[in-house]
Amino acid sequence: MMRAAIPTLDEIRAGGKPAVARALSLIEIAHGSLDLARLLDACAADPRGDVLGLTGPPGVGKSTLTNALISGARRGGRTVGVVAVDPSSRFTGGALLGDRTRLRTDPDDQGVFVRSMAARDRLGGLSDHAVAAIVLMRAVYDLVVVESVGIGQSEGDIAFVADTVLLCIQPGSGDSLQFMKAGVMELPDIVCVTKADMGEPARRAMADVAGALTLADHEPGAWIAPVVLVSATSGAGLDDLAAAVAGHRDHLAEAGRLDRRRAAQARHWVEDAIRVRFGARGLAAVDVAAALRSAEGPFGAIVRLDADLEARLSPSS
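Remember, predicted model here, so these are calculated numbers, not experimental data.

Engineer: Quick rundown of the nonpolar core? Include the residues and the values.
Structural biologist: Residues V20, L24, L126, I134 and L136 are the most contacted members of the largest nonpolar core, which totals 40 residues. If one sorts the elements of this core by residue count, helix α5 (residues 128–138) sits on top with eight residues. What L126 contacts, discounting residues up to four positions off in sequence, is V85, I134, V146, D157, I158 and V161. Grouped together as the second largest cluster of nonpolar side chains are 22 residues, V60, I70, V82 and L166 included.

In structure tokens:
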């Protein structure tokens, strides 16, 4: 069978939406190949955009908010890539909902690209294919919005791809209490209370969340997550949300915080990939730090460690 040709990052950037679509398809077709790993490492080494991760329970309004974020970014002249992570079909493994049912975008707008991806068997909602897609889109677009599957207490994966984690909470749902129990309040960089048009219940939820956040321990100089009240349908609070996201971006730009965050994420991708395939014993048998130093990037390190463990565990070895 003929091997799929892997484009360069420059070719993808120059080729517009069709080139991005083909490259994302290759993530599944050529998964595990060294050529694909080289492309993904080139993307990881040359990020063009910020990654904003949206998480929260189903029905909180993440898709409506994503639509508003896309519109705001486009008005500001920024290109946008969206990875909408959907629940998986038990039968096909594919995404159940699909991006077209939730996100409204102009198909003729070359500055917006939306890809729906299945959560597969990951409780946190991000498969290895989704991580690769986010890294690729981060190298092409000015802003990448990742909308997680949103299952309540298993939202940790989003922190391993996003520069800024936005937790959405709905008024009158008791979400703040549930998230405190689950330890999720440690994850967000910004908390967004949706459906501000509900009035007093929304303001009460905002106060509850702000109170919950005060219980967390903060080191001196640490970022303290602001709580923003938003109505994506009316537009109320969207300027405040944009200011909060910009403030966190400025915070990350200081003292190398963004570089450290992304380096820690890359290491996690390698560790997670090895643990998923070979378990904790397999991960303990390799030196991830050394693999990252010797490889061109995290995806090349995964391919090399995978081959090394496969050879060691082979019955003929």
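Don't stop here, the text continues.
Engineer: Break down the packing of helix α8 (residues 238–253) against helix α9 (residues 257–284) for me, citing the residues and quoting the values.
Structural biologist: The contact between α8 and α9 brings their axes to 5 Å, and the two run at 90 degrees. By the criterion of interaxial angle, the relationship of α8 to α9 is roughly perpendicular. Facing α8, whose interface residues are H248, H251 and L252, α9 presents R257, L258 and R261. Taken together, the residues of the contact of α8 with α9 break down into two nonpolar, two polar and two charged.

Engineer: So what about the pairing of strand β5 (residues 164–169)? Which residues, and what values?
Structural biologist: Counting buried residues in β5 gives six out of six residues, a clear majority hidden from the surface. Of the two faces of β5, both are covered, the one formed by T164, L166 and C168 as well as the one formed by V165, L167 and I169. With four bridges connecting them, strand β1 (residues 50–55) and β5 associate as parallel partners. The residue bridging L52 from the neighbouring strand is T164, located in β5. Relative to strand β6 (residues 190–193), β5 runs parallel, the two sharing four bridges. Bridged to L167 within β6 is V191.

About the criteria used
Residues numbered from 1 in each chain as written. Predicted model: local features only at pLDDT ≥ 70, side-chain atom pairs only at ≥ 80, totals over all residues. Heavy atoms only, no water. Core = buried A, V, L, I, M, F, W, Y, C linked by side-chain atoms within 4.5 Å. Buried < 20%, exposed > 50% of the residue type's maximum accessible area, 1.4 Å probe, protein only. Helix = DSSP H or I, 4+ residues; strand = E, 2+ residues; numbered from the N terminus. Contact = heavy atoms within 4.5 Å. Axes fitted to C-alpha atoms, helices over the stretch in contact; angles between N-to-C directions. Parallel < 35°, antiparallel > 145°, perpendicular 65-115°, else oblique. Nonpolar A, V, L, I, M, F, W, Y, C, P; charged D, E, K, R; others polar. Pairing = 2+ DSSP bridges.

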